Amino acid sequence: MTAVASSIPSEWYLLLAAAVFCIGLFGVLTRNDALYFLMSVELMMNAANINFVAFALYYGDLTGQVFALFVIALAAAEVAIGIGIILVLYRNFGVTDVTVPTEMRW
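Keep in mind that this is a model prediction, so the values were computed, not measured.

## Some points on the side chain of Glu42
Step number 1: Within the secondary structure, Glu42 sits in helix H2 (residues 34–59).
Step number 2: Setting aside anything within four residues of it in sequence, one finds Glu42 in contact with Ala75, Glu78 and Val79.

Okay, structure coming up:
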């Protein structure tokens, strides 16, 4: 079985991943809403997935794609826990702003 070379250079994938990661980092650093914060973390995880798949293509190995599948599973678990925390935050404080509660107490 031979690997099919892509017509797009690997540098473009890395540039796309860097741009998506920077957008996610900007969202994490500037937003106070928990939902935007969660979406920004998802963008950063997707940037890591793009890197994994790009390096898998570059080296002709499937290891990066396997790691990308694990990151997708991790992202699904993170969303499930994050939505639960956001619901508790909204139920207790009436807002999803992460700066309002200074501590989560019983």
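## Some details on the environment of Asn49
Step number 1: Locating Asn49 in the fold gives a position in helix H2.
Step number 2: Look at Asn49 and you get buried, because its relative accessible area is 9%.
Step number 3: Distance from Asn49 to Val95, taken between C-alpha atoms, is 32 Å for residues 46 residues apart in sequence.
Step number 4: Look past the residues within four positions of Asn49 in its chain and what remains in contact with it is Ala68, Val71 and Ile72.

## Quick notes on a nonpolar patch on the surface
Step number 1: Judged by side-chain polarity, Phe52, Val53, Val66, Phe67 and Phe70 come together as a nonpolar surface patch covering roughly 450 Å² of accessible area.
Step number 2: Broken down by secondary-structure element, the contributors of at least two residues to the nonpolar patch are H2 and helix H3 (63–93).
Step number 3: Ranked by residues supplied to the nonpolar patch, first place goes to H3 with 3 residues.
Step number 4: Tracing the backbone shows Val53 in helix H2.

Cut-offs used in this document
Residues numbered from 1 in each chain as written. Predicted model: local features only at pLDDT ≥ 70, side-chain atom pairs only at ≥ 80, totals over all residues. Heavy atoms only, no water. Helix = DSSP H or I, 4+ residues; strand = E, 2+ residues; numbered from the N terminus. Contact = heavy atoms within 4.5 Å. Buried < 20%, exposed > 50% of the residue type's maximum accessible area, 1.4 Å probe, protein only. Patch = residues over 30% accessible without salt bridge, like charges linked within 9 Å, V, L, I, M, F, W, Y side chains within 5 Å. Areas by Shrake-Rupley, 256 points an atom, 1.4 Å probe, with all protein chains shown as cover. Salt bridge = Lys/Arg side-chain N within 4 Å of Asp/Glu carboxyl O.

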